[in-house]
Amino acid sequence: MGDKDSIIASTTPGQTGDSANPRSLAALDASKLNITLSKTLKPLQPIETLRFGKTFSDHMIVATYAPEIGWSTPEVKPYGPIALDPACSCFHYGGNVFEGMKAYLGPDSKARLFRPDMNMRRLERSCARLALPPIDGDVVLELIKHLVNLERRWIPKESGYSLYLRPTLIGTRPDLAVTASDHAMLYILASPTGPYFNALRPISLLAVSENVRAWPGGTGGHKVAGNYSPGFLPQRTSAEKGYDQLLWLFGDDKRITEAGAMNFFVVVKRDDGDGVDLITTPLDGTILPGVTRASCLALASDPEFHKEISVRLHPQEMVYTMSDLAKWSSEGKLLEALAVGTAVIVGSCNRIGYDGEDIMIPSGAVMGPVGTALRQKILDIQEGRTEWKGWGVVCA
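Being a predicted model, the structure only gives us computed values, none of them experimental. Counting starts from 1 at the beginning of each chain's written sequence and moves along it residue by residue. Per-residue local features of the predicted model are confined to residues with pLDDT of at least 70, and side-chain atom pairs are confined, for both listing and counting, to 80 or more; whole-chain, interface and lining totals are unaffected and use all residues. Computation of side-chain values: all heavy atoms of the structure, hydrogens and water removed.

Looking now at the overall build of the protein chain. Numbering goes from the N terminus for both helices and strands, where a helix is a DSSP run of H or I of at least four residues and a strand is a run of E of at least two. On a plain count of helices and strands, the protein chain comes out with 10 helices and 19 strands. Each radius of gyration is computed over the set of C-alpha atoms, and the globule rule expresses the reference value as 2.2 Å times the number of residues to the power 0.38. Since a compact globule built from 396 residues should have a radius of gyration of about 21 Å, the 22 Å found for the protein chain is in line with a globular shape. Reported as C-alpha extents along the three principal axes, the dimensions of the protein chain are approximately 65 × 50 × 40 Å. Contacts are assigned to residue pairs that have any heavy atoms within 4.5 Å of one another. Sequence separation of at least 24 residues holds for 72% of the intrachain contacts in the protein chain that already meet a minimum separation of 6. Charged residues are defined here as Lys and Arg on the positive side and Asp and Glu on the negative side; His and the ends of the chain fall outside this count. By convention, the point assigned to a charge is CZ for Arg, NZ for Lys, CD for Glu and CG for Asp. Where the 41 positive side-chain charges of the protein chain centre and where its 44 negative ones centre are 4 Å apart.

This part is about the layout of surface pockets. Approximately 770 Å³ is the volume found for the largest pocket. Along its surface, the largest pocket is lined by 38 residues, and Tyr 196, Tyr 228, Gly 260, Ala 261 and Met 262 are the ones closest to its centre. Looking at the lining of the largest pocket, the elements that each hand over two or more residues are β8 (162-171), α6 (232-240), β11 (245-250), β13 (262-269), α7 (291-300) and β16 (334-341). With three residues, the top contributor of residues to the lining of the largest pocket is β11. The classification used treats Ala, Val, Leu, Ile, Met, Phe, Trp, Tyr, Cys and Pro as nonpolar, Asp, Glu, Lys and Arg as charged, and all other residues, Gly among them, as polar. When grouped by side-chain class, the residues that make up the lining of the largest pocket number 19 nonpolar, 14 polar and five charged. Buriedness of a pocket was judged along seven lines, with at least five required to meet protein on both sides within 12 Å; pockets are open sets of points on a 1 Å grid over the protein atoms alone, cavities are sets where a 1.4 Å probe fits but cannot get out, and lining residues have an atom within 4 Å of a point. Grid points are joined across faces, edges and corners, and a volume is the space filled by probe spheres set on the points.

Turning our eyes to something else, we now look at helix α9 (residues 322-330). The set of residues buried in α9 consists of Met 322, Leu 325 and Trp 328. The arc enclosing the buried residues of α9, seen along the axis, measures out at 125 degrees, which places them on a common side. Every exposed residue of α9 that faces more than 90 degrees away from the buried side is listed here: Ser 323 and Ser 330. Under this definition, polar contacts are N or O atom pairs within 3.5 Å; protein pairs additionally need one hydrogen-donor-capable and one acceptor-capable atom, and for neighbouring residues in sequence, both atoms have to be side-chain atoms. Its side-chain oxygen placed 3.3 Å from the backbone nitrogen of Ser 323, Thr 321 serves as the N-cap of α9. Only protein chains enter the calculation, and the probe is 1.4 Å; a residue is then buried if its accessible area is under 20% of its type maximum, exposed if over 50%, and partly exposed in between. It is the directions from the helix axis to the C-beta atoms that the arc portrays.

Only the six-membered ring of Trp is used, alongside the rings of Phe and Tyr, when aromatic pairs are assigned; centres must lie within 6.5 Å, and planes under 30 degrees apart are stacked while those over 60 apart are edge-to-face, with the rest tilted. Considering all chains together, one arrives at six aromatic pairs under this definition. In this structure, Arg 351 is placed above the aromatic ring of Tyr 243, and the distance from its NZ or CZ to the ring centre is 4.5 Å. Counting as a charge over the ring demands two things of the Lys NZ or Arg CZ atom: a distance within 6 Å of the ring centre and an angle within 35 degrees of the ring normal.

In this section: the pairing of strand β10 (residues 203-208). The element β10 is extensively covered by neighbouring structure, given that six of its six residues are classed as buried. Where burial is concerned, the two faces of β10 agree: the one with Ile 203, Leu 205 and Ala 207 and the one with Ser 204, Leu 206 and Val 208 are both buried. What makes two strands pair is DSSP finding at least two bridges between them. Pairing between β10 and strand β17 (residues 345-354): four bridges, direction parallel. Following the sheet pairing, Leu 206 is matched in β17 by Gly 353. Here β10 pairs with β11 via four bridges, running parallel.

Of all six residues making up β11, five are buried, and the element is well covered by its neighbours. In this region the chain leaves β10, passes through α6 and returns to the parallel neighbour β11; the handedness of that crossover is right-handed. Between β11 and strand β12 (residues 255-259), which follow one another and run antiparallel, lie four residues, and Gly 251 among them has a positive phi close to 85 degrees. Classification remark: right-handed applies to a crossover when, strands pointing away from the viewer, the course from the first strand over the helix to the second runs clockwise.

This next bit is on the packing of α7 against helix α10 (residues 369-382). Inter-axis angles, ranging from 0 to 180 degrees, are taken between N-to-C directions of lines fitted to C-alpha atoms, where helices are fitted over the stretch in contact. Look at α7 against α10: their axes get within 11 Å of each other, and the N-to-C directions meet at 110 degrees. Comparing the axis directions of α7 and α10 gives the class roughly perpendicular. Classified by chirality, the crossing of α10 by α7 is right-handed. Counting all contacts with α7, which are made through Thr 292, Ser 295, Cys 296 and Leu 299, the residues of α10 involved are Leu 374, Lys 377 and Ile 378. Of the residues that constitute the contact of α7 with α10, the class distribution is four nonpolar, two polar and one charged. The labels follow the angle: roughly parallel below 35 degrees, roughly antiparallel above 145, roughly perpendicular from 65 to 115, and oblique for the rest. If you view the pair so one helix is near and one far, a crossing is left-handed when the near helix is turned anticlockwise from the far one by less than a right angle, and right-handed when it is turned clockwise.

A few words on the state of the cysteines. Two cysteine sulfurs form what is called a disulfide whenever their separation falls within 2.5 Å. Counting across every chain of the model gives zero disulfides. The cysteine Cys 296 is free of any disulfide, with Cys 349 supplying the nearest cysteine sulfur at 13 Å.

This part takes up the side chain of Lys 377. Along the chain, Lys 377 falls in helix α10. With relative accessibility at 7%, the residue Lys 377 sits in the buried group. In this view, Lys 377 contacts Leu 299, Phe 305, Glu 308, Thr 386 and Trp 388; residues no more than four positions away in its chain are not counted.

Before going further, it helps to examine the packing of helix α4 (residues 116-129) against helix α5 (residues 137-150). α5 packs onto α4 with a crossing angle of 130 degrees between their chain directions and a minimal axis gap of 9 Å. Viewed along their axes, α4 and α5 adopt a mutual orientation that is oblique. As for how α4 packs across α5, the hand of that crossing is right-handed. Listed contacts from α5 to Pro 116, Met 120, Arg 121, Leu 123 and Glu 124 of α4 are Gly 137, Asp 138, Val 140, Leu 141 and Ile 144. In terms of residue class, the contact of α4 with α5 is made up of six nonpolar, one polar and three charged.

Below, the structure written as structure tokens:
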């Protein structure tokens, strides 16, 4: 998932605005973590009241970067507002990146993260793409583990619930110059959450091409804040037309890319009768390399998983269009449509609106067998019921 050392070492003195040797700057160091605990802890909410991103734990972690000194000593502090200069570049030029992760409690009462190394490599790449000060994802992961262990009481025990984690890095250069930020702030938030939406209730999608989520040479393959807000207006329009989410199309041939802020898969019956194809768009720079996306592809290519579910899956990363989707549907080959991501894990779609008509997905009101199997397997790994190739990482 990328060379961490090459990403970190790629920063030049010119990027930080400092002529000194970057090696003399202080590195982010989790072993020096300062801890200031909240004097009053918040009451826990009943899990049925939890909504994604609405509730936050007692503490957060903060560290800052300045070109003269490098990274500050990271600090655990009570959750609360942060003070920033109104000229900070993050407010004006969108120099903001983040990750989305979850911590789960297993039956052994240990807190686990799901494939966090992939999130950290992506965080490093996102920072490099926006020319933000370099960050060592392995150190960020150690800080995340510290926060998870400190906030264990906030991790719901019920299946499908978790402690959502949002490590964020913002450019804080305090002037209006149109240039890369040589100042930054890292902060890590923790939020107990339930299901993003009822994944067992299929959602509807409206396919759109007049607006695009990403384009070649842009930032679609990175987790940067600027990828999200341009989709809010098209999303509102789709809701007014009676659809839950968008299906983003691209190009004159109406290539299928992503669903809302999620990766998108379809399950298609094979002509040779040898199981089914699990199809998704390739990583061409416009598609976010999602951790759940990669996990679905890995499971679909694993004979051991095929034996577990008694279905032979053929993962396919290929360009496909709305015409292909309509053709598969008319031929009775389109079996399932899936939206996947950290928040939802795996969710199903029951209809796709396009050009004034709906393509109906035969799985209907319930999730199909492939989506159900992928979701349950990933959830079992995340919640510590199953050990699988080291994907579940204990916060020790």
